[in-house]
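An overview of the molecular structure
Listed below are the residues making up each chain.
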Amino acid sequence: MRGFMVFIKKELLEQVRTYRLWILFAVFLVIGMMSPLMAKLMPEIFSSLDMEGLVIQVPEPTVYDAYAQFFKNLTQMGILGVLLVFGGTLSNELARGTLVNILAKGLPRRTVLLSKYAAAVLVWTAGYALAIATDYGYTVYLFPNGGVANLFFSLFCLWLFVCFVISLILLSSTIAPGSFGGLILSAVALVVMLMLGMVPKAGRYNPVTLASVNTALLEGAKSVSDLTITVSITVVLILSCLIASILIFEKKKL
Amino acid sequence: MDDIMQYLPFFIPLVIIEVALMLTALVHVLRHNRYRFGNRILWIIIVVVFGYVGPILYFTVGRGEE
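Residues numbered from 1 in each chain as written. Chains lettered and ligands numbered in written order. Predicted model: local features only at pLDDT ≥ 70, side-chain atom pairs only at ≥ 80, totals over all residues. Heavy atoms only, no water.

1. Considering the overall build of chain A
Helix and strand counts for chain A come out as 11 helices and 0 strands. Along chain A, helices and strands appear, N-terminal first, in the series α-α-α-α-α-α-α-α-α-α-α. When its C-alpha atoms are laid out on the principal axes, chain A stretches across 70 × 40 × 35 Å. Each of the 254 residues in chain A was classed as buried or not, and the buried ones make up 50%. For chain A, the proportion of contacts with a sequence separation of at least 24, taken over those separated by at least 6, is 85%. (Helix = DSSP H or I, 4+ residues; strand = E, 2+ residues; numbered from the N terminus. Buried < 20%, exposed > 50% of the residue type's maximum accessible area, 1.4 Å probe, protein only. Contact = heavy atoms within 4.5 Å.)

Next up, the structure:
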């Protein structure tokens, strides 16, 4: 347990020193500020475009549009940012061989993996909270009227999905070699899952649904009970990714 | 158009973040000369031209070891 806490501290310090923490926070801060603004200004942007007499009627934006924009940016820029920032966390250390010393001194390999996961989830949660706080402030100010359904659960779904992405990165990093191996393999895995997400009936069993269902939840078109299976499957998948990566990592030659 | 001007103050923090990212990355590029790939000129161009994306790419995949 002591090793675990020490290693988490080391991870967080590394995130700060390599500027990765600040990069991630900047991305989330920008998403939080930009999304409601974009939603609010969409009609003006369209009307200021001169399209040779073509008039596009954009309905007056609502709170719902602001949150839709927020989730769209989070699932694109946000997840890309998370992939880039955490993609190298294990791969880099394996490629550089910096873990050999610590492991030789007796720190169990599973402790290394689990504390890396915990540190990444911690940083992601902090960044996400930052994005939510800024977005909420801007949205309340720009759109004083109205509300949306299931906001908290919708945010939770995306949080859980990214936690799954991080566990996927760790698993990929233990499998694929090289300092970009983990990043590339997990990106490929995500793309495959996105494509599987297009199969209509299988959506309930695919974690990707957690990152695509958000606006439907806000509209009230989906309810919490529709997603119980997806949430449970994602939790099981996170645990299996972690267990599998520990098993592979224990056997891996460094 | 007046409507857009009215929201101008909201863009100030966004611009500050963008410039801060760019400057931090630019200073880092100029003070270190090891990159995982590419060379100094390439990274200067990427960091300066591509607003938010350039510095993020530099710090996540571009910068070399100390």
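2. Focus on empty space enclosed by the protein
Residues and elements named next belong to chain A. Within the structure shown, the criterion is met by 3 cavities of 30 Å³ or more. Estimates place the volume of the largest cavity at around 60 Å³. The volume enclosed by the second largest cavity comes to roughly 40 Å³. Considering the residues around the second largest cavity, the lining is formed by E11, E14, Q15, R20, V85 and T89. Considering only residue class, the lining of the second largest cavity consists of 1 nonpolar, 2 polar and 3 charged. (1 Å grid on protein atoms, 1.4 Å probe; cavity = no way out; pocket = protein on both sides within 12 Å on 5 of 7 lines; lining within 4 Å. Points joined across faces, edges and corners; volume = space filled by probe spheres on them. Nonpolar A, V, L, I, M, F, W, Y, C, P; charged D, E, K, R; others polar.)

3. Observations concerning the interface of chain B and chain A
Often the size quoted for an interface is simply the accessible area lost on bringing the parts together. Residue-level contacts link 23 residues of chain B with 26 residues of chain A. Interface of chain B and chain A: buried area, both sides summed, is about 2,200 Å²; carbon and sulfur atoms make up 80% of it. Linking chain B to chain A there are 0 salt bridges. Our count for the contact surface shared by chain B and chain A stands at 2 residue pairs in polar contact (both at pLDDT 80 or more). (Buried area = accessible area lost by both parts, 1.4 Å probe. Salt bridge = Lys/Arg side-chain N within 4 Å of Asp/Glu carboxyl O. Polar contact = N/O pair within 3.5 Å; in protein donor to acceptor, adjacent residues only side chain to side chain.)

4. Comments concerning the nonpolar core
Residue and element names in this part refer to chain A. F86, W124, F161 and I166 are the most contacted members of the largest nonpolar core, which totals 92 residues. Counting residues per element, this core draws most heavily on helix α7 (residues 151–175), which supplies 16 residues. Residue contacts for W124: discarding those within four places in its chain leaves F28, V82, F86, L158, W159, V162, C163 and I166. (Core = buried A, V, L, I, M, F, W, Y, C linked by side-chain atoms within 4.5 Å.)

5. Focus: helix α3 (residues 63–86) of chain A
Between its first and last C-alpha, α3(A) extends 32 Å over 24 residues, near the 34 Å set by a 1.5 Å rise per residue. Counting buried positions along α3(A) gives 17 out of 24 residues, so the element sits mostly inside the fold. (Expected span 1.5 Å × (residues − 1).)

6. Thoughts on the side chain of A:K116
Residue and element names in this part refer to chain A. With respect to the secondary-structure elements, K116 resides in helix α6 (residues 109–142). A distance of 2.6 Å separates the side chain of K116 from the side chain of E11, its partner in a polar contact. Residues within four places of K116 in sequence aside, it is in contact with F7, K10, E11, T89, L90, E93 and L170.

7. Things to note about the side chain of A:K40
As for its position among the elements, A:K40 is in helix α2 (residues 20–48). Contacts of A:K40, omitting those with residues within four sequence positions, involve A:P61, A:L142, A:F143 and B:Y7.

8. Some points on the layout of surface pockets
Computed from the structure, the largest pocket encloses a volume of approximately 520 Å³. Taken together, 25 residues make up the lining of the largest pocket; nearest its centre are A:F161, A:L194, A:V208, A:A211 and A:S212. Contributing elements (two or more residues each) for the lining of the largest pocket: α3, α8 (181–196) and α9 (209–212) of chain A. Element by element, the count of residues in the lining of the largest pocket is highest for α3(A), at 5 residues. Of the residues in the lining of the largest pocket, the class split is 15 nonpolar, 7 polar and 3 charged. Counted as a void, the second largest pocket has a volume near 390 Å³. Every residue lining the second largest pocket is counted, 18 residues in all, and those nearest its centre are A:E14, A:T18, A:R96, B:R63 and B:E65.

9. What to know about the packing of α6(A) against α7(A)
Residues and elements named next belong to chain A. Look at α6 against α7: their axes get within 10 Å of each other, and the N-to-C directions meet at 150 degrees. Taken as a pair, α6 and α7 cross one another with a handedness that is right-handed. Each of L113, K116, Y117, A120, V121, W124, T125, Y128 and I132 in α6 lies in contact with α7, whose residues at this interface are L155, L158, W159, V162, C163, I166, S167, L170 and T174. When its residues are assigned to classes, the contact of α6 with α7 shows 14 nonpolar, 3 polar and 1 charged. (Axes fitted to C-alpha atoms, helices over the stretch in contact; angles between N-to-C directions. Left-handed = near helix turned anticlockwise from the far one by under 90°.)

10. Details of the packing of aromatic side chains
By convention here, two paired aromatic rings are described through the distance between centres and the angle between planes. Under the defined criterion, the tally for this structure stands at 16 aromatic pairs over all chains. Judged by centre distance (4.5 Å) and plane angle (20 degrees), the rings of A:W124 and A:Y128 are stacked. Placement of the pair is A:W124 and A:Y128 together in helix α6, with a separation of 4 residues, close to one helical turn. Among the residues examined, A:W124 registers a relative accessible area of 1% and is labelled buried. Ring centres of B:F37 and B:W43 lie 5.7 Å apart, and the angle between their planes is 50 degrees; this geometry places the pair in the tilted category. Overall, B:F37 belongs to the partly exposed group, its relative accessible area being 40%. In this structure B:W43 comes out as buried when scored by relative accessible area, which is 1%. Of the aromatic side chains, those joined through ring pairs into one cluster are A:Y19, A:F180, B:Y35, B:F37, B:W43, B:Y58 and B:F59. The ring of A:F143 carries A:K40 above its face, with NZ or CZ at 5.0 Å from the centroid. (Phe/Tyr/Trp six-rings, centres within 6.5 Å; stacked < 30°, edge-to-face > 60°. Lys NZ or Arg CZ within 6 Å of the ring centre and 35° of its normal.)

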